[in-house]
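Summary of structural features
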Amino acid sequence: QDYVLKRIFDFGFSLVGLLVAAPLITLIAVAIRLDDGGSVLYQQERTAVFGKTFELYKFRTMVPEGESAEPVDDEENDRITRVGWMLRSTHLDEIPQLWSILTGDMSVVGPRAVWTREETLLESEVDSWRQRWFVKPGLTGLAQINDVESAEPREKIRYNLQYVRRQSFWLDMKIIIRQFWKVLAEVVSQE
């Protein structure tokens, strides 16, 4: 019952999100093209349920050269473009992931979808890493609302497994509300 409710919510959330964001999507695409003339979208193979993979799309925020599977903090990353800084700080770079939610590869809430090359590194560091594969990856989750970075895999898996054990539609709603407040607070603090 929760699974069906979650899928209905995911479908509706992503469809409405894409429709409402359509003008913003156009503006972001133009800004990225004007900034450095490169491609608008960034595509990367990510791991989903039971190790299945899918193509995840985000707005491109970095110059394409020198991609590494090692997690790097934004403050130390010199590959981020001018428009990319704004998109990352407001989380607008993640709007295209609504398509992955609409098609069923992702959910609104769940563990973050990990790059397949990064997945290998994390599995070697954390024994229980694959247990997070029991639920669909999400746009947000317990690790994100608790400010856990990619460079903290043990802390990340702790929250991921907590979500796998406790998942429910109502927990998802609480996480979504906290994520909206968190993003709003970050945007306001930057002004």
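The rules behind the values
- Residues numbered from 1 in each chain as written.
- Predicted model: local features only at pLDDT ≥ 70, side-chain atom pairs only at ≥ 80, totals over all residues.
- Heavy atoms only, no water.
- Axes fitted to C-alpha atoms, helices over the stretch in contact; angles between N-to-C directions.
- Helix = DSSP H or I, 4+ residues; strand = E, 2+ residues; numbered from the N terminus.
- Parallel < 35°, antiparallel > 145°, perpendicular 65-115°, else oblique.
- Contact = heavy atoms within 4.5 Å.
- Nonpolar A, V, L, I, M, F, W, Y, C, P; charged D, E, K, R; others polar.
- Patch = residues over 30% accessible without salt bridge, like charges linked within 9 Å, V, L, I, M, F, W, Y side chains within 5 Å.
- Areas by Shrake-Rupley, 256 points an atom, 1.4 Å probe, with all protein chains shown as cover.
- Salt bridge = Lys/Arg side-chain N within 4 Å of Asp/Glu carboxyl O.
- Pairing = 2+ DSSP bridges.
- pLDDT = per-residue confidence, 0-100.
- Phe/Tyr/Trp six-rings, centres within 6.5 Å; stacked < 30°, edge-to-face > 60°.
- Lys NZ or Arg CZ within 6 Å of the ring centre and 35° of its normal.
- Buried < 20%, exposed > 50% of the residue type's maximum accessible area, 1.4 Å probe, protein only.

With that out of the way, let us pick up the packing of helix H1 (residues 2–36) against helix H7 (residues 169–190). At a minimum axis distance of 10 Å, the contact between H1 and H7 shows a crossing angle of 30 degrees. Between H1 and H7, the angle falls in the class roughly parallel. Along the contact surface, H1 presents Asp2, Leu5, Lys6, Phe9 and Phe13, while H7 presents Phe169, Asp172, Met173, Ile176 and Phe180. Residue classes in the contact of H1 with H7 are distributed as seven nonpolar, no polar and three charged.

In this fold, Val40 is placed in the loop between H1 and strand E1 (41–47). Separated by 20 residues in sequence, Val40 and Arg60 place their C-alpha atoms 5.7 Å apart. Once you skip the residues sitting within four places of it in the chain, Val40 turns out to touch Ala29, Ile32, Arg33, Lys58, Phe59 and Arg60.

A word on a nonpolar patch on the surface. A cluster of nonpolar residues, Ile177, Trp181, Leu184 and Val188, forms a patch on the protein surface that exposes about 450 Å² of accessible area. Checked against the element boundaries, Leu184 lands in helix H7.

Let us look at the pairing of strand E2 (residues 53–59). Examined bridge by bridge, E1 and E2 share seven bridges and lie antiparallel to one another. Counted as the bridge partner of Leu41 is Phe59 from E2. Following E1, the chain reverses through five residues before pairing antiparallel with E2; Phe50 in that reversal takes a positive phi of roughly 55 degrees.

Quick look at the confidence of the model for the chain now. When pLDDT is averaged along the chain, the result is 86, and 91% of the positions lie at 70 or above. Taking the mean pLDDT of every element in the chain, the minimum, 73, falls on helix H4 (residues 116–125) and the maximum, 96, on helix H3 (residues 97–102).

This structure, assessed with the given rule, holds three aromatic pairs. When the centroid spacing of 5.8 Å and the interplanar angle of 80 degrees are considered together, the rings of Phe9 and Phe169 count as edge-to-face. Taken together, the positions of Phe9 in helix H1 and Phe169 in helix H7 put the pair 160 residues apart, joining distant regions of the chain. Taken together, the ring pairs in this structure connect Phe9, Phe13, Phe169 and Trp170 into an aromatic cluster. Directly above the ring of Tyr159 sits Arg158, whose terminal nitrogen or CZ lies 4.5 Å from the centroid.

The subject of this paragraph is the side chain of Thr47. Locating Thr47 in the fold gives a position in strand E1. With a relative accessible area of 6%, Thr47 lands in the buried category. Leaving out residues up to four positions away in the same chain, Thr47 has contacts with Lys52, Phe54, Ala113, Val114, Thr116, Glu119, Trp133 and Pro137.

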